Number of protein chains: 2
Amino acid sequence: MNVDLSNLRQKFRERDYKLTPQRQIILQVFINNRDKHLSAEDVHNIVRQQSNDIGLATVYRTLELFSELEILQKINFGDGRSRYEINETSSPHHHHHLICLTCGRVIEFADDLLEDLETIIAKNSNFTIVDHQVKFYGYCQECQKHCED
Amino acid sequence: MNVDLSNLRQKFRERDYKLTPQRQIILQVFINNRDKHLSAEDVHNIVRQQSNDIGLATVYRTLELFSELEILQKINFGDGRSRYEINETSSPHHHHHLICLTCGRVIEFADDLLEDLETIIAKNSNFTIVDHQVKFYGYCQECQKHCED
DNA sequence: ATCCTTGCAAAGGGTTTGCATTAAA
DNA sequence: TTTAATGCAAACCCTTTGCAAGGAT
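Residues numbered from 1 in each chain as written. Chains lettered and ligands numbered in written order. Predicted model: local features only at pLDDT ≥ 70, side-chain atom pairs only at ≥ 80, totals over all residues. Heavy atoms only, no water.

Engineer: Before we move on, can you summarise the relation of the copies chain B and chain A with the specific residues and values?
Structural biologist: The transformation that overlays chain B on chain A combines an axial shift of 0.0 Å with a rotation of 179°, and the residual RMSD is 0.1 Å. The superposition operator between the copies reduces to a two-fold rotation axis. Minimal C-alpha distance to the rotation axis in chain B is attained by Val134 of chain B, lying at 2.2 Å. Mapped onto chain A, 100% of the interface residues of chain B again fall at the interface, so both copies present the same surface. (Least-squares fit on C-alpha atoms with pLDDT ≥ 70 in both. Contact = heavy atoms within 4.5 Å.)

Written as structure tokens, this is what we have:
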């Protein structure tokens, strides 16, 4: 468990933010959907299904706030909307995805090799790298089965 | 030189597309701006500066068409608009960028190591990878100079 | 009581679409 | 001459914002 509520409360107090019911509900949605990449609309729908309606504008504002506080990580899969996932590690670092071009499925993968790559590139380019985003596009196992072409 | 006009003409003929002046002008914009990552609006502005006005909708439609034909590569830098660059190599493959978090500058870098990484990941995940997109975020040399903090 | 947060509706920014007109082939 | 492409404006979608009402500390 990485999201520590009392820690969070303090983070909020420090900055004069309030830990409102809406914010807690939205946080809970991400805790309950660790493996998913939720858009604002997704979050809004999930909350509504729980008969806890929250204004869409509030959802957007909360997602932005959580991103700033590094509780969430904003990701862009090129599908025309921003998606968010809970920031499991304290360092906002390892976000790598295999994106299936057939079914759109997004599969996570662990890396280590990328760290080395980052070091080499930083050295060659005089660029101070603080984060990276890597996406591989292709065909997942399922879709390979379904259409052997 | 990678963009071959007569080859292009044939590609168009095959699919009953027409090589209109608008399309030629837009193609030329990308040929003249090989190193840039142009948005639809950028293209529109460049064309207007040449007193060759083209409707913005046509620009969008042309960019989409060229992407399908793999003449252009669509990229997303997370700045709220799609950007395009000319597809230099025949295989739509190596698009890697260093994005400066201070000035927004985008620097290209050559890779090779990524190919190896791709192979390893494909093996581990049973995923057939056909393309990848890698972005490193950090601070470019210039911005490092300006604010040593 | 203060100041942040909410919800609604309107506005915004990028992109797409319908339709009549124009122009490649 | 046929069929696709253009240009304009309206529509679209996601996201942001203004503002009055509500709520946490």
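On we go from here.
Engineer: Which residues make up the protein's contact with DNA strand D, and what values go with them?
Structural biologist: Neighbouring DNA strand D are 19 residues; Tyr60 and Ser82 of chain A together with Lys18, Arg23 and Arg61 of chain B lie closest to it. Sugar and phosphate atoms represent 66% of those atoms of DNA strand D found within 4 Å of the protein. Side-chain polar atom of Lys18 of chain A to a base nitrogen of DNA strand D: 3.2 Å apart, as the coordinates give it. Separating a phosphate oxygen of DNA strand D from a side-chain N or O atom of Thr58 of chain B is a distance of 2.9 Å. Only helix H4 (56-68) of chain A together with helix H2 (21-31) and helix H4 (56-68) of chain B provide two or more residues apiece to the surface near DNA strand D. Partitioned by chemical class, the residues of the surface near DNA strand D number 5 nonpolar, 6 polar and 8 charged. (Near = heavy atom within 4 Å. Polar contact = N/O pair within 3.5 Å; in protein donor to acceptor, adjacent residues only side chain to side chain. Helix = DSSP H or I, 4+ residues; strand = E, 2+ residues; numbered from the N terminus. Nonpolar A, V, L, I, M, F, W, Y, C, P; charged D, E, K, R; others polar.)

Engineer: Give me the lowdown on the protein's contact with DNA strand C, citing residues and values where you can.
Structural biologist: The full set close to DNA strand C counts 21 residues, and Thr20, Arg23 and Arg61 of chain A together with Tyr60 and Ser82 of chain B are the nearest of them. A share of 72% of the atoms of DNA strand C within 4 Å of the protein falls on sugar and phosphate groups. At 3.0 Å, a backbone N or O of Gly55 of chain A approaches a phosphate oxygen of DNA strand C. Backbone polar atom of Leu19 of chain B to a phosphate oxygen of DNA strand C: 3.3 Å apart, as the coordinates give it. Those elements that place two or more of their residues in the surface near DNA strand C are helix H2 (21-31) and H4 of chain A together with H4 of chain B. Residues that form the surface near DNA strand C fall into these classes: 7 nonpolar, 6 polar and 8 charged.

Engineer: Hey, could you go over the interface of chain B and chain A for me, with residue numbers and the actual values?
Structural biologist: Facing the 32 residues of chain B at the interface are 32 residues of chain A. Between chain B and chain A the total buried area reaches about 2,800 Å² when both faces are included, carbon and sulfur atoms providing 70% of it. Considering only the surface of chain B that becomes buried against chain A, Phe127, Phe136 and Tyr137 of chain B emerge as the three largest contributors, covering 24% of it. Summed over the shared surface of chain B and chain A, the number is 0 salt bridges. Among the elements of the structure, strand E4 (94-100), helix H5 (113-125), strand E6 (128-139) and helix H6 (141-146) of chain B are those that each provide at least two residues to the side of chain B that touches chain A. (Buried area = accessible area lost by both parts, 1.4 Å probe. Salt bridge = Lys/Arg side-chain N within 4 Å of Asp/Glu carboxyl O.)

Engineer: Outline unusual backbone geometry, supporting the account with residue identities and numerical values.
Structural biologist: Residue and element names in this part refer to chain B. With a phi angle near 45°, Ser51 is a residue other than glycine that sits in the positive phi range. Residue position: Ser51 is located in the loop between helix H3 (40-49) and H4. Even without a glycine there, the phi angle at Glu70 is positive, about 60°. As for its placement among the helices and strands, Glu70 is situated in the loop between H4 and strand E2 (72-76). Classification of Glu70 by relative accessible area gives partly exposed; the value is 44%. (Buried < 20%, exposed > 50% of the residue type's maximum accessible area, 1.4 Å probe, protein only.)

Engineer: An account of the packing of H2 of chain B against H3 of chain B is needed here, citing residue identities and associated values.
Structural biologist: Residue and element names in this part refer to chain B. Two elements in contact, H2 and H3, have axes separated by 10 Å at closest approach and are oriented at 105°. Classified by the angle their axes make, H2 and H3 are roughly perpendicular. In this structure, H2 uses Ile25, Ile26, Val29 and Phe30 to contact H3, whose residues at the interface are Val43, Ile46 and Val47. (Axes fitted to C-alpha atoms, helices over the stretch in contact; angles between N-to-C directions. Parallel < 35°, antiparallel > 145°, perpendicular 65-115°, else oblique.)

Engineer: Lay out the packing of aromatic side chains with the relevant residues and their values.
Structural biologist: Residue and element names in this part refer to chain A. Scanning the entire structure with this criterion turns up 4 aromatic pairs over all chains. On the numbers, 6.4 Å between centres and 75° between planes, the contact of Phe12 with Phe66 is edge-to-face. One end of the pair, Phe12, is in helix H1 (residues 5-14); the other, Phe66, is in helix H4, and 54 residues separate them in sequence. An identical accessibility class is assigned to Phe12 and Phe66; each is buried. (Phe/Tyr/Trp six-rings, centres within 6.5 Å; stacked < 30°, edge-to-face > 60°.)

Distances and angles like these do not, on their own, reveal function.
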